[in-house]
Amino acid sequence: MSTGGVVGRADRAVRAAKGCTHPPGCHTGELPLHASATVGARFWLLIEHPGPWASHLEDCDLPKEVHTLIKRATRLGIRPQLIRRPGRRNLVETGIHVMVADSGSTEPWIAEGVIADPDDLNLDNVVAGVVPESCILVSEPVFLVCTHAKRNACCARIGLPLARSLAKTLPDTVWETSHVGGDRYAANLVCLPHGLYYGSMSQAAAIAAANAYRSGEVILDRFRGRAGIPEPLQAAEHFIRVHTGDLSVGGVAVESSRLDGAVTEAFVRGNGTRFRVVVEPMTLTTPCGTACADTITTYRLVTLDRVAPVRYATSALT
């Protein structure tokens, strides 16, 4: 019998005892994470509530006003998240503390306020890219660490100590949050207002990613992508960053794209240059083979070409 098979089964047994059913390598950064940020998260509504949190927000024991906000946000395509300070479980102020963000604008923003009633928060303004009158812009970034135990045990097992550690380094900017998507990549870190996703985070990796973001840069190690755009376009941006070395937060962006079957062609700006990028999905074979229920889909680079600038000249016709 292969010793590799014995070790593999032993590893699965250890992870199962911890409540983890994910393929090996998911939580350590060994498997590729690029192009896995949550697509439906351009607009955000963060609501402070100490918990406990049920598996799904609609099942949580929340004040009626909070449920109203969640329903309104969902209807408008705004992603609602419950948040709480690491290690704290008591609200210290009256009213509902909220933050709203637009990750998809050319200049992403985040704002916060304390409201007495759901009608005090104009969520239509958020979708229109306008800061609601009940909120004020926040100059400091906000970091969310998923610790949603009822959704997946790994998020609490790995996320809770990470959130507490990060909060000691960056106080007043770090929040525990409900499900952000991608439990297999716990611990997950989201950087707002730009909606940058990191996964499989260690405490050292999270501090490095947070400090880079505060400096206006991304770190490609364990970077899942930019939320709010389709996964193939996240992949295109990733490959441009790898190719050009452009790590500035706003330096790489898709200008246009088209889908041809499973293949995506995108024109991407990066490092002051335009590129044509073609990517296609591929299924990852995990080390545990058929023993794992998860199928991991990622993207591979097919073509990457620099696009020559258009030069205008007088006609050669006589």
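Below you will find a few notes about this structure. (Residues numbered from 1 in each chain as written. Predicted model: local features only at pLDDT ≥ 70, side-chain atom pairs only at ≥ 80, totals over all residues. Heavy atoms only, no water.)

Here's the deal with the pairing of strand β12 (residues 263-270)
Working step 1: Pairing analysis gives 8 bridges linking strand β11 (residues 252-260) to β12, with the strands arranged antiparallel. Within β12, the position partnered with valine 252 by the bridge is glycine 270.
Working step 2: The antiparallel pairing of β11 with β12 creates a hairpin that spans 2 residues between the two strands, and glycine 261 there sits at a positive phi of about 70°.
Working step 3: In this sheet, strand β13 (residues 273-284) lies alongside β12 in antiparallel orientation, the contact comprising 7 bridges. By the bridge assignment for β13, glutamate 265 is matched with valine 278. (Pairing = 2+ DSSP bridges. Helix = DSSP H or I, 4+ residues; strand = E, 2+ residues; numbered from the N terminus.)

Some points on the nonpolar core
As a rule of thumb, nonpolar side chains are buried together in soluble globular proteins.
Working step 1: Among the nonpolar cores identified, the biggest contains 44 residues, and Trp44, Phe143, Leu144, Leu166 and Leu189 are the most heavily contacted of them.
Working step 2: At the level of elements, β1 (43-48), β3 (96-102), β6 (142-146), α4 (153-169), β7 (174-177), β8 (189-192), β9 (196-198) and α5 (203-214) are the ones that each hand at least two residues to this core.
Working step 3: Not counting the four nearest positions on each side in its chain, leucine 189 is found in contact with Phe143, Leu144, Val145, Leu166, Leu196, Tyr197, Tyr198, Met201, Ala206 and Ala209.
Working step 4: Within the second largest apolar cluster, 24 residues are counted, among which are Ala54, Cys60, Leu69 and Trp109. (Core = buried A, V, L, I, M, F, W, Y, C linked by side-chain atoms within 4.5 Å. Buried < 20%, exposed > 50% of the residue type's maximum accessible area, 1.4 Å probe, protein only. Contact = heavy atoms within 4.5 Å.)

Here's the deal with the sheet that holds β11
Working step 1: Judged by pairing direction, the sheet is antiparallel, and its 4 strands sit side by side in the order β11-β12-β13-β14 without closing on themselves. Single-partner strands in this sheet number two, and they are β11 and β14 (296-306). Across this sheet, the average inter-strand angle for adjacent strands is 30°, counted without regard to direction.
Working step 2: As paired strands, β13 and β14 are joined by 10 bridges and run antiparallel to one another. Residue pairing across strands places valine 278 opposite threonine 303, the latter belonging to β14. (Axes fitted to C-alpha atoms, helices over the stretch in contact; angles between N-to-C directions.)

Some points on the packing of α4 against α5
Working step 1: At a closest axis distance of 10 Å, the pairing of α4 and α5 adopts a crossing angle of 45°. Considering their axes alone, α4 and α5 lie oblique with respect to each other. By crossing handedness, the relation of α4 to α5 is classed as right-handed. Mapping the contact onto sequence places Pro161, Leu162, Ser165, Leu166 and Thr169 in α4 and Gln203, Ala206, Ile207 and Ala210 in α5.
Working step 2: By residue class, the composition of the contact of α4 with α5 is 6 nonpolar, 3 polar and no charged. (Parallel < 35°, antiparallel > 145°, perpendicular 65-115°, else oblique. Left-handed = near helix turned anticlockwise from the far one by under 90°. Nonpolar A, V, L, I, M, F, W, Y, C, P; charged D, E, K, R; others polar.)

What about the side chain of arginine 222?
Working step 1: Residue position: arginine 222 is located in the loop between α5 and β10 (223-226).
Working step 2: By relative accessible area, which is 19% here, arginine 222 ends up buried.
Working step 3: A distance of 2.4 Å separates a polar atom in the side chain of arginine 222 from the backbone oxygen of serine 200. (Polar contact = N/O pair within 3.5 Å; in protein donor to acceptor, adjacent residues only side chain to side chain.)

Function-wise, these values are silent; they only describe arrangement.
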